[in-house]
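Letter by letter, the chains look like this.
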Amino acid sequence: MNTKDIRDTFLGYFVSNGHRLVPSSSLIPQNDPTLLFTNAGMVQFKKIFTGEEKADYTRACTSQKCVRAGGKHNDLENVGYTARHHTFFEMLGNFSFGDYFKKDAIRFAWELLTGQFKLPPGRLWITVFNDDDEAYKIWQNDIKVPSSHIVRMGEKDNFWSMRDTGPCGPCSEIIFDQGETVPCDNPEDGIGSDCDRYLEIWNLVFMQYNKQQDSTLVPLPKPSIDTGMGLERISAVLSGVTSNYDIDIFKSIIAALSDILHIRYDRDKLTGTALRVIADHIRAAVFLINDGVFPSNEQRGYVLRRIIRRALRYAFMVGMREPVLYTSASPIVKLYSDTYTELNAHENIIGSTIKDEETKFLMTLERGLSFIDEHLHTLPSSG
Ligand code: GLY
């Protein structure tokens, strides 16, 4: 299965189980000035969870465009150095608005992973919130996961919130054991550590509260479900690779960038890190500009500028001296235009916006370098 097939299978599975297929919302959250970017699938449903809005469906599924490069969930500086962080990614999710709760959410997730995606049950581990006996028992008694594979964890890992206020609740995570070929730095590390061997693939949030400014938890009108599974991560697992950057989508973006920059992708060298950073960041820029964010010195525009400039810094380190990265926008648009059809109409503006930033960056750098050249010989000699 390629990444598109995985997205389609996920959505098809939930549609066949009575969920409304809702399109991804914009990366710019609508009517929510508290949030810089859409950072999870539940963002567009926030007011349905709290009861402020009504929908004509009680079950939904989405593949949601997300950016985590500012605010509570910020992965920017990790990108390039880990196998799984991104600034932009897609989150697959199923939602229940006062319809089903823990039992069906857990059953659906298990059925999809082990039935449709055929993941071996023995390689799956489960975490539940410390005192969530109900979820523990469903996993143990209904799904028949052995208790040796169910781990209770604290608030840091198993209580999810969109930000400091808003809908939230205890969660249960499904972890995939990638096996001994992905060793942990510390052999003692297990579930809940940062070790990549144990990869969190799906987070089932049991939405029960609306967190207030003063941190009190007000119960939601009805217990609900919000789940999130990173598309790139599950694609890596199902493709049998241990890095998201080795899935079909990234292989093809990295190949295009390799040609454009005339460098080889060498996973463990600077060119590897640089190509991962650039591939991730230019993809994020394509989607942000597509949704109407433009580089500026404020708020969202400033985050976009930082993302593009980080890509440019890495491109400079591996030899780029002319504006060329913008030419990678077209292959990225082509990769996604079946799913996000509006990309086609925005292709030119996306390319020209990135080109402008590149040109400015290179001019600034050139001015800085000639300044250093001019002044270097006027410094007193240390000898
Ligand atoms: N809303 C669930 C998650 O982002 O993990």
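Conventions used here
- Residues numbered from 1 in each chain as written.
- Predicted model: local features only at pLDDT ≥ 70, side-chain atom pairs only at ≥ 80, totals over all residues.
- Heavy atoms only, no water.
- Near = heavy atom within 4 Å.
- Polar contact = N/O pair within 3.5 Å; in protein donor to acceptor, adjacent residues only side chain to side chain.
- Areas by Shrake-Rupley, 256 points an atom, 1.4 Å probe, with all protein chains shown as cover.
- Nonpolar A, V, L, I, M, F, W, Y, C, P; charged D, E, K, R; others polar.
- Disulfide = S-S within 2.5 Å.
- Helix = DSSP H or I, 4+ residues; strand = E, 2+ residues; numbered from the N terminus.
- Buried < 20%, exposed > 50% of the residue type's maximum accessible area, 1.4 Å probe, protein only.
- Expected span 1.5 Å × (residues − 1).

A. Region of the structure containing the site of the ligand. Every residue close to the ligand is listed here: A40, R68, M91, W160, N203, V205 and D226. N203 places a polar side-chain atom, nitrogen or oxygen, 3.0 Å from an oxygen atom of the ligand. Burial of the ligand by the protein amounts to 95% of the accessible area it has alone, namely 190 Å². Each residue belonging to the shell around the ligand can be placed in one class, and the counts come to 4 nonpolar, 1 polar and 2 charged.

B. Examining the state of the cysteines more closely. Applying the stated rule across the entire model yields 1 disulfide. C184 shares a disulfide with C195; S-S distance 2.0 Å. Because the torsion about its S-S bond is -85 degrees, the bridge between C184 and C195 counts as left-handed. With C184 in the loop between β7 (166-177) and β8 (198-211) and C195 in the loop between β7 and β8, this residue pair connects regions lying 11 residues apart in the sequence. C195 carries the same exposure label as C184, and that label is buried. The thiol of C66 is unpaired, and the distance to the nearest cysteine sulfur, on C61, comes to 15 Å. With no disulfide of its own, C168 lies closest to C171 among cysteine sulfurs, the gap being 11 Å. Relative accessible area serves as the criterion here: at 0%, C168 is assigned to the buried category.

C. Layout of the environment of V333. As for its position among the elements, V333 is in helix α10 (residues 329-336). Separated by 10 residues in the primary sequence, V333 and L343 have C-alpha atoms spaced 6.0 Å apart.

D. A look at helix α3 (residues 102-116). Under the 1.5 Å per step criterion, the end-to-end length of α3 is 20 Å for 15 residues, consistent within 8% with the ideal 21 Å. Along α3, the residues that are buried comprise K102, A105, I106, F108, A109, W110, L112 and L113. Just downstream of α3, K118 is the residue with a positive phi angle, here 60 degrees.

Any link to function would need more than the numbers given here.
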